[in-house]
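Here's the letter readout for the chains.
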Amino acid sequence: MGKITTEGIATRRVAPDRMILTLCFFQRSAEVDRTVTDAHGQCERFLDALAGAGFPLKQVRLSGDELGRTYDETPQFVANRTVELRTKPDLSFCTWVYELIRREKFSATCNVRFELSAPEKLRRELLTEAFADAKARAELLVAASGAKITGVDSIGGDTDDRPAPMLARAKGADFENVSSPTPLTDSLQAAEIERSERVRVTWLFA
């Protein structure tokens, strides 16, 4: 009886199925009431337009709310309110949001990222594939001596948890009827996300 250690690798490229837009509405002025009212009012107007366009507000989350003060030569109050919108990848919707910000002259920043809605499911599948790859490698090595794998002594592994691509592009359907200034960009697909799993297995053979 002996032991042998092999490493199995599984890699897959998949299309993201979730898009997250993070919008931060902000204002700054010397008056605290005006600062807060303007920042929060912009967010309310945006949500009202969103609901009017048929976007479900249950898919919107408040992710930040701040009020601060600067101490420069001219002290000012600074307020911002941040919301996250979660939906399927759809650049037509992104364009609609950008155009709304421009048209309404909102003081806002917008960040778009893409991700997987069920990353653990993919991870389990990749770990299974990586384990099978490690076993196939071990069986190939011990077969030369006429031995067979009889069991597992230990298992370890690493996860390649790469972040989702930022500002990728995706075609969608919900807002395809919107007049877009960037129709060619709207037709592009979101960049695929690559995920990898590695397992190191020490096998028993006889």
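**Observations concerning the overall build of the protein**
Now for step 1: The helix and strand inventory of the protein stands at four helices and seven strands.
Now for step 2: Excluding contacts between residues fewer than 6 apart, the proportion of contacts in the protein whose partners are at least 24 apart in sequence is 81%.

**A look at the packing of aromatic side chains**
Now for step 1: Under the definition given, this model contains five aromatic pairs.
Now for step 2: Ring centres of F93 and W96 lie 6.0 Å apart, and the angle between their planes is 15°; this geometry places the pair in the stacked category. Of the two residues, F93 and W96 are both situated in helix α2 (residues 91–104); the distance of three residues between them amounts to about one turn of the helix.
Now for step 3: Here F131 and W203 contribute two aromatic rings whose centre-to-centre distance is 5.3 Å and whose plane-to-plane angle is 50°, an arrangement assigned as tilted. Here F131 is found in helix α3 (residues 119–143), whereas its partner W203 is found in strand β7 (residues 193–205), with 72 residues between them in sequence.
Now for step 4: By relative accessible area, which is 29% here, F131 ends up partly exposed.
Now for step 5: By way of ring pairs, the aromatic residues F25, F46 and F106 are connected into one cluster.

**Some thoughts on the state of the cysteines**
Now for step 1: Counted under the stated rule, the structure contains zero disulfides.
Now for step 2: In this model C43 remains outside any disulfide bridge; the closest cysteine sulfur is found in C24, 9.5 Å from its own.

**Thoughts on the sheet that holds strand β2 (residues 18–29)**
Hydrogen bonds between backbone atoms are what pair the strands of a sheet, whose relative direction is either parallel or antiparallel.
Now for step 1: As summarised here, the arrangement of the four strands in space is β3-β4-β2-β5, forming an open sheet in which the pairing is antiparallel. Whereas interior strands pair on both sides, the edge strands pair on one side only; in this sheet they are β3 (60–69) and β5 (108–115). Taken pair by pair, the neighbouring strands of this sheet meet at an average axis angle of 15°, ignoring direction.
Now for step 2: Both β2 and β5 contribute to a ladder of eight bridges, which runs antiparallel. Note that in β5 the partner of C24 across the bridge is T109.
Now for step 3: Helix α1 (residues 32–52) rests against β2, β3 and β4 (77–87) of the sheet, and its axis sits at about 150° to β2.
Now for step 4: Most of the contacts of α2 go to β2, to which it runs at about 10°, and overall it touches β2, β4 and β5.

**Details of the pairing of β2**
Now for step 1: Counting buried positions along β2 yields nine of twelve residues, so the element is predominantly enclosed.
Now for step 2: In the sheet, β2 pairs with β4 via eleven bridges, with the strands oriented antiparallel. Bridge assignment links T22 to a residue of β4, and that residue is E84.

**Focus on the confidence of the model for the protein**
Now for step 1: Of the residues in the protein, 87% have a pLDDT of 70 or more, and the chain-wide mean is 86.
Now for step 2: Every residue in residues 163–178 scores below 50 in pLDDT, and together they form 53 contacts with partners more than four places removed in sequence or on other chains.

**What to know about the nonpolar core**
Now for step 1: If you look at the biggest cluster of nonpolar residues, it comprises 23 residues, and the most contacted ones within it are L21, L23, F46, L50, L85, F93 and V97.
Now for step 2: Mapped onto this core, the elements with two or more residues apiece are β2, α1, β4, α2 and β5.
Now for step 3: Top element by residues in this core is α2. It accounts for seven residues.
Now for step 4: The residues contacting L23, other than those within four sequence positions of it, are F46, R81, T82, V83, L85, V97, I101, T109 and C110.
Now for step 5: Ranked by size, the runner-up nonpolar core spans 17 residues in total, among them L122, L126, A130 and A134.

Definitions and cut-offs
- Residues numbered from 1 in each chain as written.
- Predicted model: local features only at pLDDT ≥ 70, side-chain atom pairs only at ≥ 80, totals over all residues.
- Heavy atoms only, no water.
- Helix = DSSP H or I, 4+ residues; strand = E, 2+ residues; numbered from the N terminus.
- Contact = heavy atoms within 4.5 Å.
- Phe/Tyr/Trp six-rings, centres within 6.5 Å; stacked < 30°, edge-to-face > 60°.
- Buried < 20%, exposed > 50% of the residue type's maximum accessible area, 1.4 Å probe, protein only.
- Disulfide = S-S within 2.5 Å.
- Pairing = 2+ DSSP bridges.
- Axes fitted to C-alpha atoms, helices over the stretch in contact; angles between N-to-C directions.
- pLDDT = per-residue confidence, 0-100.
- Core = buried A, V, L, I, M, F, W, Y, C linked by side-chain atoms within 4.5 Å.

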